[in-house]
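Overview (structure and organization)
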Amino acid sequence: MKRAILGLMLGFTCTVSLAELPVETIPNVETLPASYPDTWVYAHDTNFFSLSDAKVVLIDVAAENRNYKGSIPSSHFPSFLAATTRPEVYVAESLYSRRMRGERTDLVTNYDKVNLAPVGEVVLPGAKRGMIVTHKNTLQFLDNEKLLLVYNFTPSTSVSVVNIENRAFLAEVGIGGCVMIYPSQQRSFGSLCNDNTMLVTHLDEKGMISKQERTPAFFDADTDPIFAKPAVIDGVYYFPSFKGMVHPVDMNAADPGMLDAWSLLQEQDRQENWRPGGWQITTAHEASGRLFVLMHPDGEDGSHKGGGTEVWVFDVDAKKRVGRIVLKEWGVSIEVTKGEHPYLAVTNGNMDMDVYSVDTGEWLRFIGGRAFETPFILHASR
Amino acid sequence: MKRAILGLMLGFTCTVSLAELPVETIPNVETLPASYPDTWVYAHDTNFFSLSDAKVVLIDVAAENRNYKGSIPSSHFPSFLAATTRPEVYVAESLYSRRMRGERTDLVTNYDKVNLAPVGEVVLPGAKRGMIVTHKNTLQFLDNEKLLLVYNFTPSTSVSVVNIENRAFLAEVGIGGCVMIYPSQQRSFGSLCNDNTMLVTHLDEKGMISKQERTPAFFDADTDPIFAKPAVIDGVYYFPSFKGMVHPVDMNAADPGMLDAWSLLQEQDRQENWRPGGWQITTAHEASGRLFVLMHPDGEDGSHKGGGTEVWVFDVDAKKRVGRIVLKEWGVSIEVTKGEHPYLAVTNGNMDMDVYSVDTGEWLRFIGGRAFETPFILHASR
Amino acid sequence: MYWLDKITEKFSRQVANNTSRRHLLKRIGLTLAGGAAVPLLPVARAADTGGGSGYHGVAPQTSDNPAADPGDPASCDYWRYCAVDGFLCSCCGGTHVSCPPGTGMNPMTWIGTCKNPADNLNYIISYNDCCGKTSCSRCLCNNNVGDTPPYRAFSNNDINWCVGMENSTIYHCTTAIILGVATETN
Amino acid sequence: MYWLDKITEKFSRQVANNTSRRHLLKRIGLTLAGGAAVPLLPVARAADTGGGSGYHGVAPQTSDNPAADPGDPASCDYWRYCAVDGFLCSCCGGTHVSCPPGTGMNPMTWIGTCKNPADNLNYIISYNDCCGKTSCSRCLCNNNVGDTPPYRAFSNNDINWCVGMENSTIYHCTTAIILGVATETN
């Protein structure tokens, strides 16, 4: 109304009292900093309703507005990983020459952080790239981010090793039916196996297997499977189980150390049958040693993917809960940013993003407007 | 509840009283008839929210259920056309080797009606295919469906001529800045021009221009533009204008005959300022000589794409309105099936499909459930 | 109230979930086999809206033999879908046992065990994916009972089970096909 | 009631329309130039839901100079959008005058003429599309005043105005850039 009155007042009789707005530049394209703030999160939108047209959306969860910083297209159950030692991010995806058919090409594309533009690619031979609803551990670094490992599933399992610095495919290493890539701090990685063990694969500098061995069984998939989606704190992987145990695996050395499992639940929690559940069910704040788990009450067989009403916060040294964040909308995936005052980003049941303060548990904002269709995985800037 | 009680009754104590259901066959894939019923409609879903992942969805608008018969993928402002003389349909689309970038390929793909599977393709040279929110007149037949014409826009305009029987690109013919393809019953086609004329292009058997000439101006785009989306009855194209005139062009002969324009509006309609509006604003029932136009009241500058609340039915011989169908949900695009008791299919404002009886004007059903995202164009089986 | 029953704005008409059926199964004491099948998609799941298939704009169907094979194959509540996940082919131009025209049915898949309320038998159901066209997007149905993580692959349907298809591994929709009667688990 | 104000279920949060502004423009007597720009998408248009940008989950913005260039560039109501159509780059990692990172801005486009309420001048606005990434899908805004059919191409935005871009003609989002002040039409 104000504007209408202003228009009527100025009407046909006014003369120009303000300077004209200047002519603006064409073309004009935004750039981003080479190093992103701690508060930026990559939302990996699998786009289940158009699987061949997925994308990664870069979101500033802390800003009052202009939260959407940019996007990277990706196709058909893609994987994503951001480097920390250079200003690049990576997409592993699969394409067909006729979009839905024809010749299949699997590839990794390097995007630079400043322009979110492709700066290189590595074609992966064999059409073996594993397609699964987005998991973080299908694309991982090794050897100080020099090697990039891509998970394969045909349904035989293997890992394609790429030298991402010089953009060269190095080798394919078999992982004997075990799945996913859990890198150690050395040049080795674990994979979870059907027999409740972890297969550990040691690579040489060329990306070839130098040693491969299995740990003892450290969980029981018959009675209480562990999620294949751990959070990592100081090189220790925390694998929650369906029924609320957590199985820590120390991956600092080349050979993993199986630490004692502990329970996420107190007696009352057990009575209410609280369990972890959702898609990205865990995240961590490394600096403070806190593990976050998305939880729901009245757990039962099948509820482990259904999402949760609360995020529980654990001190992993004390092995005890130090906080509960009650979600405004039930959550499907959770991620915590680093920094002194971290944010909790939640993909909610509407497939929009809710943002909370970890310090206070307070809900701060939600980010939506069809920014994403099905953002199952969130990657905080590290 | 019934089922629960049945389950409890049968419980653990029952013995099998019915024959076991038989083991079923794998694989098992549906096929369709080579000639489709009159009641089937191709809904061309541009999928504005994932433009590279458009599709054509084949819908039986008459059936009580199982309305969704199948789909054909298509990419980035594609065009679609079904043959009537052989069991094939065609998609013209544009692809990139890296999905969003890389080498561009424009092509026409033949799909057979029985399997909705690709059976051939013709690559179009020059990366010139016109991309525009879906229009029917960007892909048309000529010469008894032997020639397939593809509209190009770079923004120079031309038409690529394909011999679709032997799947060969023949020629590119310029159309001098005019747009779209309105085939005659001979080997010529019209295109609409900026100066209110129609350019008529005559082809020889090889698809080369044999003659090209302009009609006199037959509308006035400054005061009352005609929509570039006509309906056709007995070889006569009916072009409605923004303000409710209709300009018929007889395309039976190789050279078009401009017929007298007439008004869609009666005096009261003018007072209420009814106008045509929406996306696919016209359709026809040829056997009965009826033209259908999607109309809205309170028309104004800019309302011509906004959709409408009613579908008006005109007898084109009598040049008078013979019916009004009041829509349950406001419509964006309309299509009428052939046959004695035709159906009116409407893409409504929710981007679902409403189906009406033309005989009674009665709303019959709606078809949705995320069957399509933005089905702007509907093609009835002809 | 079960939090999964929450009807979400964005998915209420696209996603249905068999919560009531799952509770029913528990009530009548059905033990799902250890290797039973699982949902592909961890998204919001809306309660059946009552009437029809539960999917707004999808008309109800019956099987070929409604007495012996009861229920609506276009509903997430249909008995065979106790462990399905993905878009129901019944809503996409196929049926619960067949793929839509022009897609390819993958023989390699995951299986589940579902009780037919008509004969009270447990059937082994094979959830074969149909492949080679873009996401059907219709009748997304997600039941998670018996799911295991991907290290037990053949009871995990997070995996794209168009894997191994020669022509195309693009996922379109999912069927629910009887492989046989399970050994009595009661 | 204007039928375009109808809030549709599927698009209510995705699409906003400048109906009120259009009426306002008419009220204050602005004559849009004949060749003014137009909407690309003929879909359902929802009324502004009040508060914020009008897009649920999109926070309001201001221009660099709110006094001279007032309004919210993340709202379909922003004065420069009198003839925009498509996804607003302001909601996609760009601004109303810049493309999101990694996309290309097409210099070839359609133009419109919009009145700035701060100085009451008519500005020629160039609606340059940003190209090379998939549909942003955010802040779909559709105002149709002055649109002509595609035979008057440069005042028709049904056309994909990523045409001619060397790297990619895939449409992502649309800007609204000042080219100059229009000759006084009042």
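All figures in this text were calculated on a predicted structure; none of them were measured in a lab.

A separate point is the interface of chain C and chain A. Quite often, the size of an interface is put as the accessible area lost when its parts meet. Contacts between the two partners involve 49 residues from chain C, matched on the other side by 58 residues from chain A. For the pairing of chain C and chain A, the buried interface totals around 4,300 Å² over both sides, and the portion due to carbon and sulfur atoms is 62%. Here chain C is connected to chain A by 3 salt bridges. Of the charged contacts, one joins A:Asp222 and C:Arg152 as a salt bridge, the two residues approaching to 2.7 Å between their closest N and O atoms. Put simply, chain C and chain A have 15 residue pairs in polar contact (both at pLDDT 80 or more) between them. With 3 residues, helix α1 (residues 19–27) of chain C is the largest single contributor of residues to the side of chain C that touches chain A. A class-by-class count of the residues in the side of chain C that touches chain A yields 25 nonpolar, 14 polar and 10 charged.

Residues and elements named next belong to chain A. Read from one edge of the open sheet, 4 strands run β8-β9-β10-β11, paired in antiparallel fashion. Each of the sheet's edge strands pairs with one partner strand only, and the pair in question is β8 (139–142) and β11 (168–174). Strand after strand, the sheet turns through a mean of 30° between neighbouring axes, direction not considered. Pairing of β8 with strand β9 (residues 147–153), which is carried by 4 bridges, proceeds in the antiparallel orientation. In the sheet register, leucine 139 faces β9, and the bridge partner there is valine 150.

So, about the state of the cysteines. Residue and element names in this part refer to chain C. Within the structure shown, the criterion is met by 16 disulfides over all chains. A sulfur-sulfur distance of 2.1 Å marks the disulfide that ties cysteine 76 to cysteine 141. Torsion about the S-S bond of the cysteine 76 and cysteine 141 cystine: about 80°, corresponding to right-handed handedness. Taken together, the positions of cysteine 76 in the loop between α1 and β2 (85–87) and cysteine 141 in strand β7 (residues 140–142) put the pair 65 residues apart, joining distant regions of the chain. The pair formed by cysteine 76 and cysteine 141 is uniform in burial state, with each residue classed as buried. In this model cysteine 89 forms its disulfide with cysteine 173; the gap between the sulfur atoms is 2.1 Å. Sign of the S-S torsion, about 100° for the bond between cysteine 89 and cysteine 173, identifies this disulfide as right-handed. Here cysteine 89 is found in the loop between β2 and β3 (104–105), whereas its partner cysteine 173 is found in strand β8 (residues 171–174), with 84 residues between them in sequence.

As a further point, take the environment of B:Gly130. Residue and element names in this part refer to chain B. Mapped onto the fold, glycine 130 is located in the loop between β7 (117–124) and β8 (139–142). Glycine 130 gets classed as buried once you look at its relative accessible area, which sits at 3%. Once the C-alpha coordinates of glycine 130 and asparagine 350 are considered, the two residues, 220 residues apart in sequence, prove to be 27 Å apart. Beyond its immediate sequence surroundings of up to four residues, glycine 130 is in contact with Phe77, Tyr151, Asn152 and Phe153.

Residue and element names in this part refer to chain A. Structurally, the position occupied by aspartate 250 is in strand β18 (residues 245–250). Separated by 111 residues in sequence, aspartate 250 and glycine 361 have C-alpha atoms that sit 29 Å apart. For aspartate 250, the residues in contact, after removing those within four places along its chain, are Gly235, Val236, Asp255, Pro256, Gly257 and Leu259. Side chain to side chain, aspartate 250 and asparagine 252 meet in a polar contact 2.9 Å long.

Attention shifts here to the pairing of strand β10 (residues 157–163) of chain A. The two faces of a sheet get side chains in turn, since along a regular strand they alternate between them. Residue and element names in this part refer to chain A. Most of β10 sits out of view: 7 of its 7 residues are buried. Side-chain alternation along β10 places Thr157, Val159, Val161 and Asn163 on one buried face and Ser158, Ser160 and Val162 on a second face that is also buried. Pairing between β9 and β10: 7 bridges, direction antiparallel. Among the inter-strand pairings, leucine 147 is bridged to a residue of β10, identified as asparagine 163. As consecutive antiparallel partners, β9 and β10 are separated by 3 residues. As paired elements, β10 and β11 share 6 bridges and run antiparallel to each other. In the strand pairing of β11, valine 162 is matched with phenylalanine 169. Hairpin remark: β10 followed by β11, antiparallel, with 4 residues in the connecting loop; positive phi at arginine 167, about 55°.

This part takes up the packing of aromatic side chains. Any aromatic ring pair is given by two values, namely how distant the centres are and how the planes are angled relative to each other. One pass over the full model with this rule turns up 48 aromatic pairs over all chains. Look at C:Trp79 and C:Tyr123: their rings are 5.4 Å apart centre to centre, the planes differ by 55°, and that puts the pair in the tilted class. Here C:Trp79 is found in the loop between α1 and β2, whereas its partner C:Tyr123 is found in strand β5 (residues 121–126), with 44 residues between them in sequence. Across the pair, exposure class does not vary: C:Trp79 and C:Tyr123 are buried alike. Between D:Tyr78 and D:Tyr81, the aromatic rings sit 5.1 Å apart at their centres with planes inclined by 75°, giving edge-to-face as the arrangement. With respect to burial, D:Tyr78 and D:Tyr81 carry one shared label: buried.

Take the confidence of the model for chain A next. When pLDDT drops low, the exact placement of atoms in the prediction is not to be read closely. Residues of chain A with pLDDT of at least 70 account for 95%, and the chain-wide mean is 94. A low-confidence stretch, residues 1–17 of chain A (pLDDT under 50), is modelled with 21 contacts involving residues beyond four sequence positions or located in other chains.

Let us look at the pattern of salt bridges. Enumeration according to the criterion identifies 48 salt bridges over all chains in this entry. Between B:Glu213 and B:Lys211 there is a salt bridge whose closest N-O contact spans 3.5 Å. A relative accessible area of 37% places B:Lys211 in the partly exposed class. Salt bridges sharing partners connect three or more residues here, namely A:Arg370, A:Glu373, B:Arg370 and B:Glu373.

On to the sheet that holds strand β6 (residues 104–112) of chain B. Residues and elements named next belong to chain B. What the 4 strands build is an open sheet, ordered β4-β5-β6-β7; its pairing is antiparallel. Strand pairing shows two members of the sheet lacking a second neighbour, β4 (79–82) and β7, which therefore form its edges. On average, adjacent strands in this sheet sit at an angle of 25° to one another, irrespective of strand direction. Pairing of β6 with β7 involves 7 bridges; the strand directions are antiparallel.

Bringing the confidence of the model for chain C into the picture now. Confidence in the prediction for chain C averages 76 pLDDT; 70% of positions are at 70 or higher. For this predicted complex, the interface confidence reaches an ipTM of 0.91, while the overall pTM sits at 0.89.

A few words on the environment of D:Gly94. In this structure, D:Gly94 sits in the loop between β2 (85–87) and β3 (104–105). In sequence terms D:Gly94 and D:Thr174 are 80 residues apart; their C-alpha atoms lie 9.3 Å from each other. Not counting chain neighbours up to four residues away, the residues in contact with D:Gly94 comprise A:Glu30, A:Arg66, D:Cys89, D:Cys99 and D:Pro100.

Moving on: the side chain of B:Arg370. Residue and element names in this part refer to chain B. With respect to the helices and strands, arginine 370 occurs in the loop between β28 (363–367) and β29 (375–380). Exposure remark for arginine 370: the relative accessible area of 7% places this residue in the buried category. At 2.7 Å, the side chain of arginine 370 and the side chain of glutamate 373 are in polar contact.

What counts, and where the lines are drawn
- Residues numbered from 1 in each chain as written.
- Chains lettered and ligands numbered in written order.
- Predicted model: local features only at pLDDT ≥ 70, side-chain atom pairs only at ≥ 80, totals over all residues.
- Heavy atoms only, no water.
- Contact = heavy atoms within 4.5 Å.
- Buried area = accessible area lost by both parts, 1.4 Å probe.
- Salt bridge = Lys/Arg side-chain N within 4 Å of Asp/Glu carboxyl O.
- Polar contact = N/O pair within 3.5 Å; in protein donor to acceptor, adjacent residues only side chain to side chain.
- Helix = DSSP H or I, 4+ residues; strand = E, 2+ residues; numbered from the N terminus.
- Nonpolar A, V, L, I, M, F, W, Y, C, P; charged D, E, K, R; others polar.
- Pairing = 2+ DSSP bridges.
- Axes fitted to C-alpha atoms, helices over the stretch in contact; angles between N-to-C directions.
- Disulfide = S-S within 2.5 Å.
- Buried < 20%, exposed > 50% of the residue type's maximum accessible area, 1.4 Å probe, protein only.
- Phe/Tyr/Trp six-rings, centres within 6.5 Å; stacked < 30°, edge-to-face > 60°.
- pLDDT = per-residue confidence, 0-100.

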